[in-house]
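Summary of structural features
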Amino acid sequence: MLPAQRAVPLAAVSRTTGRSATLRLPGSTEGCAQAREFTERILGEWELGECRDDALAVVSELAANAVVHGRRSDTPDDAESDVWLRLTRRTSHLVCAVTDQGDGLPHPAHAPNALSEHGRGLFIVEALAQHWGWTRHTPLYKTVWAMLPTQARV
């Protein structure tokens, strides 16, 4: 079985409807891989192959940021983080949203050094998405989201 075809454990899926799918992610790099596998599977079910590459890149970056930065500063290092991925299918857009408990608000602070291995995530999201942003829900949670067109670019 190819890696992209591995099934995400059903216990990890919170809810899947015709227009929305949600997955709880572990707060580790394994969560990023699960987010990509889940996204690929859902896009296949929704027949949204035309936005697959962009969606996988965006979900990878949002999930990685949540895993690395999405823990409250007062949370012990060994505590499980609370990270959720939600994909929502709209008429002409796919919304990729990752919710975490991080204190910090997302922003591309500055252009990364050309040799730096980190710091490009939100620049990538901004380049691929028609719109992106963040929403603070409570003092404990924020969601970073990106809207991708579901029709091929001309």
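Report follows, based on the coordinates.

**Overview of the overall build of the chain**
Looking only at helices and strands, the chain features three helices and six strands. Taken from the N to the C terminus, the helices and strands of the chain come in the order β-β-α-α-β-β-α-β-β. Across the 154 residues in the chain, those meeting the buried criterion constitute 41%. For the chain, the proportion of contacts with a sequence separation of at least 24, taken over those separated by at least 6, is 63%.

**Looking at the pairing of strand 4 (residues 93-100)**
Taking burial as the measure, the eight residues of strand 4 include eight buried ones, the bulk of the element. Because side chains alternate across strand 4, one face comprises the buried residues His93, Val95, Ala97 and Thr99, and the other comprises Leu94, Cys96, Val98 and Asp100, equally buried. The sheet contact formed by strand 3 (residues 83-89) and strand 4 spans six bridges and is antiparallel. By the bridge assignment, Arg89 is partnered in strand 4 with Leu94. The antiparallel pairing of strand 3 with strand 4 creates a hairpin that spans three residues between the two strands. As defined by bridge partners, strand 4 adjoins strand 6 (residues 142-149) across eight bridges and the pair is classed as antiparallel. Within strand 6, the residue paired with His93 across the bridge is Pro149.

**Here we look at the environment of Cys96**
Considering the arrangement of structural elements, one finds Cys96 in strand 4. For Cys96, a relative accessible area of 1% puts it in the buried group. As for Cys96 and Ala55, which are separated by 41 residues in sequence, their C-alpha atoms are 7.4 Å apart. For Cys96, the contacting residues outside a window of four places in its chain are Val58, Val59, Leu62, Arg86, Leu87, Val144, Trp145, Ala146 and Leu148.

**Things to note about the pattern of salt bridges**
The final tally for this structure, using the stated rule, is four salt bridges. Residue Lys142 pairs with Asp100 through a salt bridge whose shortest N-O separation is 2.7 Å. Linking Lys142 in strand 6 with Asp100 in strand 4, this pair joins segments that are 42 residues apart in sequence. For the pair shown, Lys142 and Asp100 are each scored as buried. One network of salt bridges, in which partners are shared, links Glu40, Arg52 and Asp53.

**Some thoughts on the packing of helix 1 (residues 29-45) against helix 2 (residues 52-69)**
Direction vectors running N to C along helix 1 and helix 2 enclose 150°, while the axes themselves pass 9 Å from each other. Relative to helix 2, the element helix 1 is oriented roughly antiparallel. Our pair here, helix 1 against helix 2, has a crossing hand that is right-handed. Across the interface between the two elements, Thr29, Cys32, Ala35, Arg36, Thr39, Glu40 and Leu43 from helix 1 touch Arg52, Ala55, Leu56, Val59, Ser60, Ala63, Ala64 and Val67 from helix 2. Among the residues forming the contact of helix 1 with helix 2, the class breakdown is nine nonpolar, three polar and three charged.

**Notes on the pairing of strand 6**
With respect to burial, strand 6 is a largely interior element, seven of its eight residues being buried. For strand 5 (residues 131-136) and strand 6, the ladder comprises six bridges, and the chain directions are antiparallel. Among the inter-strand pairings, Arg136 is bridged to a residue of strand 6, identified as Lys142. In this antiparallel pair of consecutive strands, strand 5 and strand 6, the connection spans five residues.

**Topic: the side chain of Thr22**
Of note, Thr22 is situated in strand 2 (residues 20-25). Of note is the side chain of Thr22, whose polar atom sits 3.3 Å from the side chain of Arg86.

Calculation rules
- Residues numbered from 1 in each chain as written.
- Predicted model: local features only at pLDDT ≥ 70, side-chain atom pairs only at ≥ 80, totals over all residues.
- Heavy atoms only, no water.
- Helix = DSSP H or I, 4+ residues; strand = E, 2+ residues; numbered from the N terminus.
- Buried < 20%, exposed > 50% of the residue type's maximum accessible area, 1.4 Å probe, protein only.
- Contact = heavy atoms within 4.5 Å.
- Pairing = 2+ DSSP bridges.
- Salt bridge = Lys/Arg side-chain N within 4 Å of Asp/Glu carboxyl O.
- Axes fitted to C-alpha atoms, helices over the stretch in contact; angles between N-to-C directions.
- Parallel < 35°, antiparallel > 145°, perpendicular 65-115°, else oblique.
- Left-handed = near helix turned anticlockwise from the far one by under 90°.
- Nonpolar A, V, L, I, M, F, W, Y, C, P; charged D, E, K, R; others polar.
- Polar contact = N/O pair within 3.5 Å; in protein donor to acceptor, adjacent residues only side chain to side chain.

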